[in-house]
Amino acid sequence: MRLLRRRMECTIALTLCLTMGYALFSAHSQRSLAEDLVRLRVVANSDSAYDQSVKLAVRDAVLEEIAGWEIQPDCAQEMMNELDSRRGCIAQAVRQTLDACGSDDRFAIRLDREYYPTRTYETFSLPAGEYQGLRIFLGEGAGHNWWCVIYPALCLDTVSAEQSLTGEQRGLIHRDTGEYAVRFRMAEVVGELEALLG
């Protein structure tokens with residue numbers, strides 16, 4: 001009886017160790033993925049139909065501004081540097097769009113890291129975690145927001161942008177593919193825990 005109990009304790013301890021190790025590996029994969037991505041988040045003034053339409057117009061203007069750059073960044077850090085150096089152009093595009101929509105809302109543009117919940121797009125999902133990005137708050141910033149990945153340009157061309165990710169990263173964003181479904185969920189849980197504890 002004592003030997004059986006001892007074996008059960010060892011089995012449970014080993015299972016916990018393996019699970020924790022796998023969770024840490026998955027979290028590392030999410031962080032590695034996050035370092036290679038830049039996200040865009042546009043937060044509407046409110047949830048009114050008008051404010052939501054203004055949010056989408058601003059989104060379109062910002063994406064058009066970025067797509068029009070002569071030189072496209074080769075890595076996430078270059079994208080963050082470009083966004084910072086072109087903040088004035090982005091602000092001008094936002095202001096012109098707000099004016100064209102008849103909105104006198106103020107707005108704020110921020111470049112920083114923030115927690116994002118799990119996000120499912122048409123062909124892939126990104127696990128919860130902290131990502132770097134461009135955030136645009138319109139008016140009170142109390143409405144639903146729109147977000148996507150602007151580096152690589154997953155907002156615009158999913159197929160070609162996904163090709164710029166490593167095989168490991170592509171596997172992690174496709175949550176329904178075998179072992180990656182488990183790793184995705186692990187990364188998702190660890191990201192959510194970090195957000196709660198952080």
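Let me begin by describing the structure that accompanies this report.

Thresholds, definitions, all that
Residues numbered from 1 in each chain as written. Predicted model: local features only at pLDDT ≥ 70, side-chain atom pairs only at ≥ 80, totals over all residues. Heavy atoms only, no water. Buried < 20%, exposed > 50% of the residue type's maximum accessible area, 1.4 Å probe, protein only. Helix = DSSP H or I, 4+ residues; strand = E, 2+ residues; numbered from the N terminus. Arc of directions from axis to C-beta. Salt bridge = Lys/Arg side-chain N within 4 Å of Asp/Glu carboxyl O. Core = buried A, V, L, I, M, F, W, Y, C linked by side-chain atoms within 4.5 Å. Phe/Tyr/Trp six-rings, centres within 6.5 Å; stacked < 30°, edge-to-face > 60°.

## With respect to helix H3 (residues 76–85)
Next up, step 1: Looking only at H3, the buried set comprises Ala76, Met79, Met80 and Leu83. Down the axis of H3, the smallest arc covering the buried residues is 100°, so these residues share one side.

## Notes on the pattern of salt bridges
Next up, step 1: Under the defined criterion, the tally for this structure stands at 10 salt bridges.
Next up, step 2: Taking the shortest distance from any N to any O, the salt bridge between Glu130 and Arg113 comes out at 3.2 Å. Highlighted residues: Glu130 in strand S5 (residues 129–138) and Arg113 in strand S2 (residues 107–116), separated in sequence by 17 residues.
Next up, step 3: Look at Arg113 and you get partly exposed, because its relative accessible area is 36%.
Next up, step 4: If you follow the salt bridges from partner to partner, you end up with Arg41, Asp112, Glu114 and Arg135 in one network.

## Remarks on the nonpolar core
Next up, step 1: One finds Leu40, Val58, Val62, Leu83, Leu134 and Ile136 to be the most contacted residues of the largest nonpolar core, which totals 35 residues.
Next up, step 2: Taken together, the elements giving at least two residues each to this core come down to strand S1 (38–43), helix H2 (49–67), H3, helix H4 (87–100), S2, S5 and strand S6 (145–151).
Next up, step 3: The element best represented in this core is S6, accounting for six residues.

## Topic: the packing of aromatic side chains
Next up, step 1: In this structure the tally under the stated criterion is two aromatic pairs.
Next up, step 2: With a centroid separation of 6.0 Å and an interplanar angle of 85°, the aromatic rings of Tyr116 and Tyr131 are classed as edge-to-face. One end of the pair, Tyr116, is in strand S2; the other, Tyr131, is in strand S5, with 15 residues separating them in the sequence. Of the two residues, Tyr116 and Tyr131, neither departs from the other in class, the shared state being buried.
Next up, step 3: Judged by centre distance (5.5 Å) and plane angle (75°), the ring pair of Tyr116 and Trp147 falls under edge-to-face. Note that Tyr116 is positioned in strand S2 and Trp147 in strand S6, a separation of 31 residues in sequence.

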